[in-house]
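Summary of the model geometry
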Amino acid sequence: MSIQQEVETYWEGEAELYSEGIQRELNGFQREAWLKLILANAPEKDRLHVLDIGCGPGFFSVILSSAGHLVTAVDCTDNMLEEARAHTRREGVPVTFRKMDSHKLDFAAESFDLIVCRNVTWSLADPQSAYKEWRRVLKPEGRLLVFDANWNRHLWDEEMQLKHAEDQQAYIDRGFGELPHHKDIEETDRLSLLLPLTREWRPEWDVRTLKEEGFSVVYTEENLNAIVLDEKQQVLNRSTPMFMICAEK
């Protein structure tokens, strides 16, 4: 089994847990915060053709469709797509969902004005080839918004390991309850150590690679935590802030 197949199998089992988190975001301040952030960095167009890559349970798909944009969403797992469809049905919004490998998109060149992805690139077996493919399906002057973090660097970086432990202790000391975790933390860690971006410092790696693939990198924001995370998440992720990269074709 290839690393990509292992990753797909893993995420099949995480769909329900992630879907619960997405529902909380759809009901919370995050909905408006994320929509404002995305549209502030998107091409200026009344109705964008959007591709949500690695859509998971469909958070970006729902909020962008609700705002009147034409959304196509892809994910590599059936269970994630099932959860995403359920969210769009509850919201009453139209989204076209497709099961697809993020590295190999079954779309014509220059199909989309905007590509969005959150917490996806760290999980890719070959992120550079994915960036190349994503550029192919963007229209000229189309934009790519990547939201991610150095999520698993603490697995091998001793300094980050100490900071990660401090964040977890602060979470407990603040009385936030049990630490959130994946269903199978050992499998999460094992796969993370096999993935290339776990050992890269980001977003520097992404900026360099996107430029190599022909993107014009507009800018990066290296800490979005105060904008899109609740208080608990901000404490738990102090040492792994979520960043944004805005790149243009």
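The following refers to the structure shown. Computed from a predicted model, the values in this text were never measured in an experiment. (Residues numbered from 1 in each chain as written. Predicted model: local features only at pLDDT ≥ 70, side-chain atom pairs only at ≥ 80, totals over all residues. Heavy atoms only, no water.)

Some details on the overall build of the protein chain
- A tally of helices and strands in the protein chain yields 11 helices and seven strands.
- When the backbone C-alpha atoms are referred to their principal axes, the protein chain occupies close to 45 × 40 × 35 Å.
- Counting all 249 residues of the protein chain, 52% fall into the buried class.
- By sequence separation, contacts in the protein chain at least 24 residues apart represent 76% of the contacts at least 6 residues apart. (Helix = DSSP H or I, 4+ residues; strand = E, 2+ residues; numbered from the N terminus. Buried < 20%, exposed > 50% of the residue type's maximum accessible area, 1.4 Å probe, protein only. Contact = heavy atoms within 4.5 Å.)

Thoughts on the sheet that holds strand β3 (residues 96-99)
- Spatially, the seven strands line up as an open sheet ordered β3-β2-β1-β4-β5-β7-β6, and their pairing is mixed. On the outer flanks of this sheet lie β3 and β6 (216-221), each paired with one strand and no other. Here the average twist between neighbouring strands, direction ignored, is 15°.
- Bridging between strand β2 (residues 70-75) and β3 involves four bridges; their strand directions are parallel. Residue pairing for β3: Thr72 is matched across the bridge by Thr96.
- With respect to the sheet, helix α5 (residues 78-91) is in contact with β2 and β3, its orientation differing from that of β3 by roughly 175°. (Pairing = 2+ DSSP bridges. Axes fitted to C-alpha atoms, helices over the stretch in contact; angles between N-to-C directions.)

Examining the pattern of salt bridges
- With the rule as written, the count across this model stands at 15 salt bridges.
- Note that Arg143 and Glu248 form a salt bridge whose closest N and O atoms lie 3.0 Å from each other. Here Arg143 is found in strand β5 (residues 138-148), whereas its partner Glu248 is found in strand β7 (residues 243-248), with 105 residues between them in sequence.
- The class of Arg143 is buried, set by a relative accessible area of 17%.
- Given a relative accessible area of 21%, Glu248 falls into the partly exposed group.
- The network of salt bridges with shared partners includes Lys45, Asp113 and Lys139. (Salt bridge = Lys/Arg side-chain N within 4 Å of Asp/Glu carboxyl O.)

With respect to the nonpolar core
- Core analysis: the biggest nonpolar cluster contains 31 residues, and Trp34, Ile38, Phe60, Ile63, Leu64 and Phe147 have the highest contact counts within it.
- Those elements that place two or more of their residues in this core are α2 (15-27), α3 (30-40), α4 (59-66), β2, α5, β4 (112-118), β5 and β7.
- Not counting chain neighbours up to four residues away, the residues in contact with Ile38 comprise Phe60, Ile63, Leu64, Leu114, Val116, Leu145 and Phe147. (Core = buried A, V, L, I, M, F, W, Y, C linked by side-chain atoms within 4.5 Å.)

Notes on the packing of aromatic side chains
- Scanning all chains against the criterion turns up eight aromatic pairs.
- Look at Phe107 and Phe112: their rings are 5.2 Å apart centre to centre, the planes differ by 85°, and that puts the pair in the edge-to-face class.
- Judged by relative accessible area, which is 14%, Phe107 ranks as buried. (Phe/Tyr/Trp six-rings, centres within 6.5 Å; stacked < 30°, edge-to-face > 60°.)

Observations concerning helix α6 (residues 127-137)
- Of all the positions in α6, only Pro127, Ala130, Tyr131, Glu133, Trp134 and Val137 are classed as buried. What you see down the axis of α6 is that its buried residues fit within an arc of 165°, all on one side.
- On its buried side, α6 packs onto β1 (49-53), β4, β5 and α9 (204-212). (Arc of directions from axis to C-beta.)

Some details on the pairing of β1
- Of all five residues in β1, four are buried; the element is thus mostly enclosed.
- By the bridge criterion, five bridges tie β1 to β2 in an arrangement that is parallel. Each bridged residue has a counterpart across the sheet, and for Leu51 the counterpart in β2 is Thr72.
- Between the parallel elements β1 and β2, the chain passes through α4 in a crossover that is right-handed.
- One ladder, built from three bridges, connects β1 with β4; its direction is parallel. Note on β4: the bridge partner recorded for Leu51 is Ile115. (Right-handed = clockwise from strand over helix to strand, strands pointing away.)

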